[in-house]
Structures are given as structure tokens and as C-alpha cells.
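If you want the building blocks of each chain, they are given just below.
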Amino acid sequence: MHEQLSIKAFPWFIKILAAVVGAIFALTLSGDIDKEGRIKINVSVIMKFVFSVAISLYGGSAFIEYYELSKQYSYMAKSFVMLMFAVFGLLAIGIAYQSIALMHGKSLAEVIAEVKAAFVAIVSVKGGEN
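As the structure is a computational prediction, the values presented were derived from the model and not from experiment.

Visitor: Would you explain the packing of aromatic side chains in this entry?
Guide: Remark: the centre distance and the inter-plane angle together describe each pair of aromatic rings, the angle taken between the planes. By the definition in use, this model includes three aromatic pairs. Residues F63 and Y67 carry aromatic rings whose centres are separated by 4.8 Å and whose planes lie at 55 degrees to one another, so their mutual orientation is tilted. The partly exposed category is assigned to F63, whose relative accessible area is 32%. By relative accessible area, which is 48% here, Y67 ends up partly exposed. Consider the rings of F63 and F85, whose centres lie 5.5 Å apart with planes at 50 degrees: the pair is tilted. Taken together, the positions of F63 in helix 2 (residues 43-66) and F85 in helix 3 (residues 75-103) put the pair 22 residues apart, joining distant regions of the chain. A relative accessible area of 27% places F85 in the partly exposed class.

As C-alpha cells, this is what we get:
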């Protein structure tokens, strides 16, 4: 019974892990995680994280169900779909936020600088110190 339960829970574990990793990437894209990997926890960051995971789990599951991907793809492929929903779902929210910031007087150069810093934070790999 216990072994069967763990086998049934494994697909959900993979999907939730993908949602959490996607939420972390999304927080990096939104600028809440800076270039050095530091994060300042506040209500806004917690809400963004929760929204990202929710978008991933519900949006990804709806996408998989609508296109009937559960029959033909592995758990890893479905988890990748959920990861993409987490990252790009919150990215869409971030774009809407930046659009509102532009309307409230933030310059285009400041918005571009924030997006560039977030991109650099995602793709840069820091080596360990000796």
C-alpha cells in the first residue's frame, strides 16, 4: 500500500517541483531575485510566488487536459509544460506590471535596465570561490 501510494504521488511531486522551479525563475525575471541571487521576502514576493505556482498547476493542467497530452507524453514532458506556464505566466503578469509602471512615469530606460538585469541574472553562472 505504501509503495503504491509513493508511485502514485511521484507524478505530482515532479509537477510541483517544476512549478516551484518555474516560480523561482519567474521571480528572477520580475526582479525580486537580484543579480547576486538575493531575495527580500515581503507580501508582494509571496503573492507572486503563489500566483506563479497556481498559474503553473492550474494553467498547465488545463493545457495538458485540453490538448489531451496526458495520453501521449511522459511525466517529465508534462512537467516541462507546467514549468513554462509558471515562468511565462508570471512573466505576463510582470509585463502588465511594467506597462502600468510606464504609465505612472517610469522611464522606458529604467524598465529596459530592469529586464536586462533579470535576464543576466538568469543566464549568468557564478563559479565557487576557492
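Visitor: What should I look at first to understand unusual backbone geometry in this one?
Guide: Glycine aside, residues mostly have negative phi angles, and peptide bonds mostly take the trans form. A positive phi is found at E68, a non-glycine position, where the angle reads about 50 degrees. Of note, E68 is situated in the loop between helix 2 and helix 3.

Visitor: What's the story with the side chain of D32 in this structure? I'm lost.
Guide: Note that D32 resides in the loop between helix 1 (2-29) and helix 2. The residues touching D32, leaving out its near neighbours within four places in the chain, are L27, R38, I39, K40, V45 and K48.

Visitor: In this structure, what is going on with helix 2? I would like to understand it.
Guide: For an α-helix, 3.6 residues make a turn, and residues three or four places apart therefore share a direction. Between its terminal C-alpha atoms helix 2 stretches 33 Å, which fits the 34 Å expected from 24 residues at 1.5 Å a residue. The residue sitting at the N-terminus of helix 2 and contributing the capping side-chain oxygen is N42; that oxygen lies 3.2 Å from the backbone nitrogen of S44. Just past helix 2, the residue E68 takes up positive phi, approximately 50 degrees.

Each value, and the rule that gives it
Residues numbered from 1 in each chain as written. Predicted model: local features only at pLDDT ≥ 70, side-chain atom pairs only at ≥ 80, totals over all residues. Heavy atoms only, no water. Phe/Tyr/Trp six-rings, centres within 6.5 Å; stacked < 30°, edge-to-face > 60°. Buried < 20%, exposed > 50% of the residue type's maximum accessible area, 1.4 Å probe, protein only. Helix = DSSP H or I, 4+ residues; strand = E, 2+ residues; numbered from the N terminus. Contact = heavy atoms within 4.5 Å. Expected span 1.5 Å × (residues − 1). Polar contact = N/O pair within 3.5 Å; in protein donor to acceptor, adjacent residues only side chain to side chain.

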